[in-house]
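# Breakdown of the fold
Listed below, chain by chain, are the residues.
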Amino acid sequence: MSILNSLMKLERHFSLWLFIFILATSSMAVALYYQYALAWEPCVLCIHVRIIMLGLMLLSLLMIFLSKFKVIRLMGFLIQSVLAVLLFLKCRELYRVEAGLADAGCMFSANLPEWFNLEVWWPSVFEVRAACGDSPELFFNISMAEGLYIGSAIAMVLAIALTLLSFFCLSKSHLK
């Protein structure tokens, strides 16, 4: 039972959200390093991944301050799970295009709505500048698309597990 108690403490501690914020911010920094220092321009799928990462960054930053409230914490984990699933699906698509398992069908526009047109508002980060199908090597012959695919799968499983744990903690506290 001590493992469950440890997980329940982790679930309600703000440092978990701080870790998620640091991880998402680091991922964005790596993408920008590859774009500006190594001249790997982003494709439309890469921009979609960046938008989801921005969502995770903003959510985790907000949750650092609101994680002490049980219901809000559960809502945060639910939103995080949705973003993690979207991230996984987008990274899977990116990987499949790079591996030649799917048709690229990429455009040079992220097709964002006018009310959320990050391409226009922040082109240095969110402007599509390349076609899909090629990503840089990170390390050990692992491409960025492969790394994102594997990392997003792990993040999705952990996000869903944390959501279930948060739900369990909330229901357990209501039973007392």
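Up top you'll find the structure we're talking about.
The following paragraphs examine the structure supplied in this document. Along each chain, numbering runs from 1 in the same order as the chain's sequence is written. Given that the model is predicted, a residue must reach a pLDDT of at least 70 before its local features are reported, and side-chain atom pairs must reach 80 or more before they are shown or counted; all residues, however, enter totals for whole chains, interfaces and linings. As a convention, hydrogens and water are excluded, and side-chain values are obtained from all of the structure's heavy atoms.

## A closer look at the packing of aromatic side chains
What counts is decided by this rule: Pairing of aromatic rings covers Phe, Tyr and the six-membered ring of Trp, with a centre-to-centre limit of 6.5 Å; geometry is then stacked below 30 degrees between planes, edge-to-face above 60, and tilted otherwise. Burial classes follow relative accessibility: with a 1.4 Å probe on protein chains only, a residue under 20% of its type's maximum area counts as buried, one over 50% as exposed, and anything between as partly exposed.
On inspection of all chains with the given rule, the structure shows five aromatic pairs. Judged by centre distance (5.9 Å) and plane angle (90°), the ring pair of Tyr-33 and Tyr-34 falls under edge-to-face. An angle of 40° between the planes, with centres 5.8 Å apart, marks the rings of Trp-115 and Phe-116 as tilted. We classify Phe-116 as partly exposed; its relative accessible area is 28%. Each residue in the set Phe-88, Tyr-95 and Tyr-149 is aromatic and connected to the rest through ring pairs, giving one cluster.

## Considering the packing of helix H3 (residues 44-66) against helix H4 (residues 70-98)
Test applied: Here an angle of 0 to 180 degrees is reported between the N-to-C directions of two axes, which are lines fitted to C-alpha atoms, with helices fitted over the stretch in contact. Segments assigned H or I by DSSP are reported as helices when at least four residues long, segments assigned E as strands when at least two residues long, and all are numbered from the N terminus. Should an angle fall under 35 degrees it is called roughly parallel, over 145 degrees roughly antiparallel, and 65 to 115 degrees roughly perpendicular, with every other angle called oblique. By the definition used in this description, the sense in which the near helix is turned from the far one sets the handedness, with an anticlockwise turn below a right angle giving left-handed and a clockwise turn giving right-handed. Ten residue types, Ala, Val, Leu, Ile, Met, Phe, Trp, Tyr, Cys and Pro, are classed as nonpolar, four, Asp, Glu, Lys and Arg, as charged, and the remainder, Gly among them, as polar.
Direction vectors running N to C along H3 and H4 enclose 165°, while the axes themselves pass 10 Å from each other. Taken as axis vectors, H3 and H4 run roughly antiparallel relative to one another. Judged by the sense of rotation from one axis to the other, the crossing of H3 with H4 is left-handed. Split by residue class, the contact of H3 with H4 holds 17 nonpolar, four polar and three charged.

## Comments concerning the layout of surface pockets
Space left empty within the atom packing is revealed by a probe, the size of a water molecule, rolled over the atoms. Going by this rule: Here a cavity denotes a set of grid points, spaced 1 Å apart and computed over the protein atoms alone, in which a 1.4 Å probe fits but from which it cannot get out, and a pocket denotes an open set meeting protein on both sides within 12 Å along at least five of seven lines; residues with an atom within 4 Å of a point are reported as lining. Grid points are joined across faces, edges and corners, and a volume is the space filled by probe spheres set on the points.
Volume-wise, the largest pocket comes out at about 1,100 Å³. Lining the largest pocket we find 49 residues, and of these Ser-27, Met-53, Leu-87, Leu-148 and Gly-151 sit closest to its centre. For the lining of the largest pocket, the secondary-structure elements that each account for two or more residues are helix H1 (2-12), helix H2 (14-36), H3, H4 and helix H7 (144-175). A per-element tally of the lining of the largest pocket places H7 first, with 13 residues. Residues belonging to the lining of the largest pocket are distributed by class as follows: 37 nonpolar, nine polar and three charged.

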